[in-house]
Amino acid sequence: MRLTLLYGALFIVSGTVLLAVTYLLVAGTTTSLILIDGTRDAPGGSRPPQVHHYMGDDAGAAGSPGNIDRQAEALHQQAEHTHQAMIDNLMFNAVIALAITSVVSIWLGWVVAGRVLRPLRSMTTTIQRITARNVHERLAVEGPRDELKDLADTVDGLLGRLETALDSHKRFVANAAHELRTPLTLEHALLEESLIDRDPTVDTFRTNFERLLAISKQQGRLLEALLFLSTSERGLDRPEPVDLAALADEAVQAVRPAADRRGLRLDARVAPACLEGDPVLVGRLVANLLDNALSYNVPDGRVDLTVGTRGGRAFLTAANTGQQVPEDQVDRLFHPFQRLDRSADDGHHGLGLSIVRSIVDAHGAALTARAGTDGGLVVDIVFPERHQLSGKHPKMAGTLPR
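Residues numbered from 1 in each chain as written. Predicted model: local features only at pLDDT ≥ 70, side-chain atom pairs only at ≥ 80, totals over all residues. Heavy atoms only, no water.

A. Expanded view of the nonpolar core. Ranked by internal contacts, the top residues of the largest apolar core, which has 51 residues, are Leu244, Leu285, Leu289, Leu290, Leu305, Val307 and Ile381. Taken together, the elements giving at least two residues each to this core come down to helix 4 (202–233), helix 5 (244–261), strand 4 (265–270), helix 6 (279–295), strand 6 (302–310), strand 7 (313–320), helix 7 (352–362) and strand 9 (377–382). The residues contacting Val307, other than those within four sequence positions of it, are Leu244, Ala245, Ala248, Arg269, Val270, Ala271, Ala273, Phe315 and Leu316. (Core = buried A, V, L, I, M, F, W, Y, C linked by side-chain atoms within 4.5 Å. Buried < 20%, exposed > 50% of the residue type's maximum accessible area, 1.4 Å probe, protein only. Helix = DSSP H or I, 4+ residues; strand = E, 2+ residues; numbered from the N terminus. Contact = heavy atoms within 4.5 Å.)

Here is the structure:
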C-alpha cells in the first residue's frame, strides 16, 4: 500500500507540474490579427493593398494606424476570446486525462509493487518456516545479481553460520555429557563397592575415598575448563594493556618444575611484547599452550616458547616434540573434547586447545598450527596492533634463561 501511494503521488505531482508548464507556455502566446485592404483605384491608377498587422493589445497603442475601424477591433476581441476558450478547453480536457491516468497509475502501481514484493514475501515465508530442525534449508533465490539476490545470499550465509554453530553446540553438549558420565559411573561403582563389601576395613574405605577424591578433582577441572571456555567465547568487555612477556615469564616459571620432573627441556625466548586485551584470558592462553606442550611430549623431548614483536604486532610461538600428528588432524585438535588419542587416560579432556582458539578469536588474533617435523605441534599466534593508549606502558619483561 505504501509503495502504491508513493507511485501514485509521484505520478500525480509530475502530471500536475506538466499541466502547469503547458498552461504557462500556451497562455504566454499572443494572438495575431492581419487585415488586408484589397481595394484598388480606377484602372490605370492601381495602388498596392494596405496591410495592417495587429498583435495582442497593441491594436490600440500609440502609433497604430488611425483608420482602424470597429470591425477590426471586433475581430481582434473575437480572436482573444477564441484563444482563451481554446486554453480553457485544453486544460479541462488535460485535467480529466490526468484524473483518468492517475487512477490507472495507482492500479499499475499496486500491480508493480506486488510483483516487486513477491520475492520478499517468499523469502519471509521461508525464513519463518526455518527452525532448529530444518536450519539446513536455504532460500536459494535464482536470477540476476540485484539487491534482492544479495539479500537472499546474505540470509543464506547467515543460515549456514547458524547451522554450523548449532552443530558445534550439539557436539559440545554430547561430548560434555560423555566426559561427565564416565566419572559419575565410576563414582557410582566405588560407592556400591563400599556398600556391598561384607567385611569393610579402614584401608578399603581409605582407598575408595582417595579414588573418589581424585575423580572429584578431575570433574572439578573439567567444569572449570567448561566455564572458562564459555567465558572466553563471550569476547572482551574492556580491553586493556597486556604485557605478554610478563605473562609468559610467569607461565614458564610455573611449569618449569613439571618439565624438570618429566625430563623435558624448556627453552623460553621472551622479548618485550605488549598488546590490548584481557590479561586473565591471555595468561590462560599461554598456560594452556605450555600445558599441552608438556603433556603430549616424549621422554627427553623439548618445549620451545618464543615471545616478541613482529611487524609491530605481538606474537607467541609454542613448539614441542611428541607423537607425530597427521596434517589433516591438526585443525580437529582445536575443537572441544578432541584428542589425538581418545583412549588416553591422562586427566585431560581435550579442552585446552579449544580454549586457546576461543581466546585468540576473542582478541581478533591470527592462529596458525602445523605438525612439527619431530612430532608434536607448532602453534603461532599473532595479535593485532595496539591502539595508541595514553599513560604509562606496563613494565616489560626480560629474557628468560634456558
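B. Looking closely at helix 6. Here helix 6 spans 24 Å end to end across 17 residues, near enough to the 24 Å set by a 1.5 Å rise per residue. For helix 6, the complete set of buried residues consists of Leu281, Val282, Leu285, Val286, Asn288, Leu289, Leu290, Asn292, Ala293, Leu294 and Ser295. (Expected span 1.5 Å × (residues − 1).)

C. Broad picture of the environment of Gln84. Within the secondary structure layout, Gln84 lies in helix 2 (residues 70–129). For the pair formed by Gln84 and Val26, sequence separation is 58 residues and the distance between their alpha carbons is 9.6 Å.

D. A look at the pairing of strand 6. Bridge count between strand 4 and strand 6: 6 bridges; the pairing is parallel. Bridge pairing links Asp267 to Asp304 in strand 6. Note: strand 6 against strand 7, 8 bridges, orientation antiparallel. Residue pairing for strand 7: Asp304 is matched across the bridge by Ala319. The hairpin turn running from strand 6 into strand 7, its antiparallel successor, is 2 residues long, and Gly311 in that turn takes a positive phi close to 65°. (Pairing = 2+ DSSP bridges.)

E. Focus on the packing of aromatic side chains. Going through the model one piece at a time under the given rule, you end up with 1 aromatic pair. Stacked on the ring of Phe315, the Lys or Arg Arg310 has its end atom at 4.0 Å from the ring centre. (Phe/Tyr/Trp six-rings, centres within 6.5 Å; stacked < 30°, edge-to-face > 60°. Lys NZ or Arg CZ within 6 Å of the ring centre and 35° of its normal.)

F. Spotlight on the sheet that holds strand 6. A sheet is described by the order of its strands in space; here 5 strands give the open sequence 4-6-7-9-8, paired in mixed fashion. Because the sheet does not close on itself, it has two edges, and the strands there are strand 4 and strand 8 (366–371). Each strand axis lies, on average, 10° off the axis of its neighbour in the sheet, ignoring direction. Packed onto the sheet, helix 5 meets strand 4, strand 6 and strand 7 and runs at close to 170° relative to strand 4. (Axes fitted to C-alpha atoms, helices over the stretch in contact; angles between N-to-C directions.)

G. Examining unusual backbone geometry more closely. The backbone phi angle of Ala140 is positive, close to 50°, even though this residue is not glycine. Considering the arrangement of structural elements, one finds Ala140 in the loop between helix 2 and helix 3 (147–196). Residue class for Ala140 comes out exposed when judged on its relative accessible area of 54%. The backbone of Asp300 sits at a positive phi, close to 60°, despite the residue not being glycine. One can find Asp300 in the loop between helix 6 and strand 6. Residue classification places Asp300 among the exposed positions, given a relative accessible area of 71%.

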